[in-house]
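Breakdown of the fold
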Amino acid sequence: MRTADKLNNFKAYLGPAMNQKLALMRTEGRDVINLGLGDPDVTPPEHQLKALAEAVSDPDNHHYPSAYPIKPFYDAIANWYKHRHGVEVDPETEVIYCLGAAEALFQIHNCLLDPGDTALVSDPAYPSYEAGVKITGGMVEFYPLLKENNFLPDVDNIPADVARKAKMIWINIPNNPTTATADDGFFIKLIAWAKEFDVVVVSDNPYMDICFDGYKPPSFLKFPGAKEVGVELNSMSKSFNACGWRVGMLLGNKEIISGMAKIKSQVDRGLYYPLQVATIAALTGPVDWMEERNKSFAERRDVVVKAWKKMGLEMMTPRATFYCWGKIPDGYTSKEFCLKFLDESNVWVIPGSTYGEGGEGYVRISNAQPVERIAEAMERMRRFIS
Ligand SMILES: Cc1ncc(COP(=O)(O)O)c(C=O)c1O
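Residues numbered from 1 in each chain as written. Predicted model: local features only at pLDDT ≥ 70, side-chain atom pairs only at ≥ 80, totals over all residues. Heavy atoms only, no water.

As a further point, take the side chain of R301. By secondary structure assignment, the location of R301 is in helix 12 (residues 289-310). Since its relative accessible area comes to 4%, R301 is described here as buried. (Helix = DSSP H or I, 4+ residues; strand = E, 2+ residues; numbered from the N terminus. Buried < 20%, exposed > 50% of the residue type's maximum accessible area, 1.4 Å probe, protein only.)

Structure below.
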């Protein structure tokens, strides 16, 4: 069998293989704590479940999605963005569904890049950006996210020849894995830079509703000129406790949205109608429950940050995301550290190097378990490194 050479250019996503390994460890009777997962222990609120269950039970709701009007779904997304995030988008031309942000973040490379074209991807970064560029035949230029710059992109440090060559740049703020957040000035400067070098900005923003201590991460689309230079991806996964739904949305620049609509009409043929109904219920229903949910994530975060600092290790206090990004002790690579910790203490945290060389020396901890389990994991960490 001859498969494509490009399969050798990228790695498979780590999650499924790791989940299998942890499940096997559990069958051996080991008390495993999984703080690797980006899919927390939270569940969708009752009204979302009810809307989905009712829509699924209707026998008329199981045709191809094109059999149903998409307008109410896009109206709900546009209204959500307007009222929650202060962004105006035209639901007819500036919004498109996706099958989780993950699907659009792959397909968007087909929309923006021809073979050999360059995309700017941060190091460290969510691994699917690099994989998506490579699967679609593009070239990756990495730009660093440095601690001295609070792990934010520094467009002034991207050489002009690289910027001129690049067709797109990925940004992800609040960031997975570093938890970095940015103030308004960052986005304003980014848009001016994108205009100067004619680079499309793709803002991956699935964590914007997981935020703490009164901080509210902005949408990239909120800033003047953003829609001229880019798009934003969002998703029901993290904001609405619905990782399994595989419902996301891409918003912004009309040409990009229309290109994506053309690609997706051939590739996936739409979003299962009951999921559209459930998403409308989520976006138009009560959202006060999010505050409690975020308080619980903040409580977990505090346990991790406090324990980490008590061990004499560095960690920023995240203003958003349910992750923590911690420096590890000298003497290990991050992969060695995590595998040894898993083997000896039955706790899984993700090596920073999974996200690129720039993540070496760090681990990503996902606060995806109840606070007591997180406290237990931190106690095991304390014993492990002492
Ligand atoms: C930065 C980032 N982008 C995209 C995704 C994919 O999200 P979705 O579940 O909407 O596909 C994730 C999931 O963890 C993520 O961390």
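Still to come is the rest of the account.
Moving on to the packing of aromatic side chains. Applying the stated criterion to the full structure yields 22 aromatic pairs. Taking the centre distance of 4.1 Å and the plane angle of 5° together, the rings of Y68 and Y273 count as stacked. A residue pair is termed long-range when its members are at least 10 positions apart, and Y68 in the loop between helix 2 (46-57) and helix 3 (71-85) and Y273 in helix 11 (residues 273-284) qualify at 205 residues. This pair shows no difference in class: Y68 is buried, exactly as Y273 is. (Phe/Tyr/Trp six-rings, centres within 6.5 Å; stacked < 30°, edge-to-face > 60°.)

A few words on the packing of helix 2 against helix 11. Interhelical geometry of helix 2 versus helix 11 gives an angle of 155° and a closest axis separation of 8 Å. Comparing their axes, helix 11 and helix 2 come out roughly antiparallel. Seen along the crossing, helix 2 lies across helix 11 with a hand that is right-handed. Two secondary-structure elements touch here, helix 2 through H47, Q48, A51, L52, A55 and V56 and helix 11 through P274, L275, V277, A278, A281 and A282. Split into classes, the residues belonging to the contact of helix 2 with helix 11 amount to ten nonpolar, two polar and no charged. (Axes fitted to C-alpha atoms, helices over the stretch in contact; angles between N-to-C directions. Parallel < 35°, antiparallel > 145°, perpendicular 65-115°, else oblique. Left-handed = near helix turned anticlockwise from the far one by under 90°. Contact = heavy atoms within 4.5 Å. Nonpolar A, V, L, I, M, F, W, Y, C, P; charged D, E, K, R; others polar.)

Further remarks concern the sheet that holds strand 7 (residues 230-235). As summarised here, the arrangement of the seven strands in space is 2-8-7-6-5-3-4, forming an open sheet in which the pairing is mixed. At either end of the open sheet lies a strand with only one pairing partner, and these are strand 2 (95-98) and strand 4 (139-144). Ignoring strand direction, the axes of neighbouring strands in this sheet form an average angle of 25°. Where helix 3 meets the sheet, its contacts fall on strand 2, strand 7 and strand 8 (248-252), and the angle it forms with strand 2 comes to roughly 110°. (Pairing = 2+ DSSP bridges.)

Attention shifts here to helix 3. Along its 15 residues, helix 3 runs 20 Å from first to last C-alpha, staying within 8% of the 21 Å computed at 1.5 Å per residue. What helix 3 keeps buried is the set F73, Y74, A76, I77, A78, W80, Y81 and H85. Buried residues along helix 3 sit in contact with strand 2, strand 7, strand 8, helix 11 and helix 12. Phi turns positive one or two residues past the end of helix 3, at G86, with a value near 70°. (Expected span 1.5 Å × (residues − 1).)

The next thing to look at is the site of the ligand. Close to the ligand lie 15 residues; D204, Y207, S235, S237 and R246 are nearest. Contact with the protein chains removes 95% of the 400 Å² of surface that the ligand exposes when unbound. Going through the elements one at a time, helix 4 (101-112) and helix 9 (236-239) are the ones with two or more residues in the shell around the ligand. Sort the elements by how many residues they give to the shell around the ligand and helix 4 lands first, with three residues. Among the residues making up the shell around the ligand, the classes are represented as seven nonpolar, five polar and three charged. (Near = heavy atom within 4 Å. Areas by Shrake-Rupley, 256 points an atom, 1.4 Å probe, with all protein chains shown as cover.)

D123 connects to P124 through a cis peptide bond whose omega is 5°. Residue placement: P124 occurs in the loop between strand 3 (118-123) and helix 5 (128-135). A positive phi angle, near 65°, is found at R269, a position not held by glycine. When you line up the elements, R269 lands in the loop between helix 10 (254-267) and helix 11. Judged by its relative accessible area of 43%, R269 is partly exposed. Phi is positive for T321, which is not a glycine, with a value near 75°. In this structure, T321 sits in the loop between helix 12 and strand 9 (323-327).

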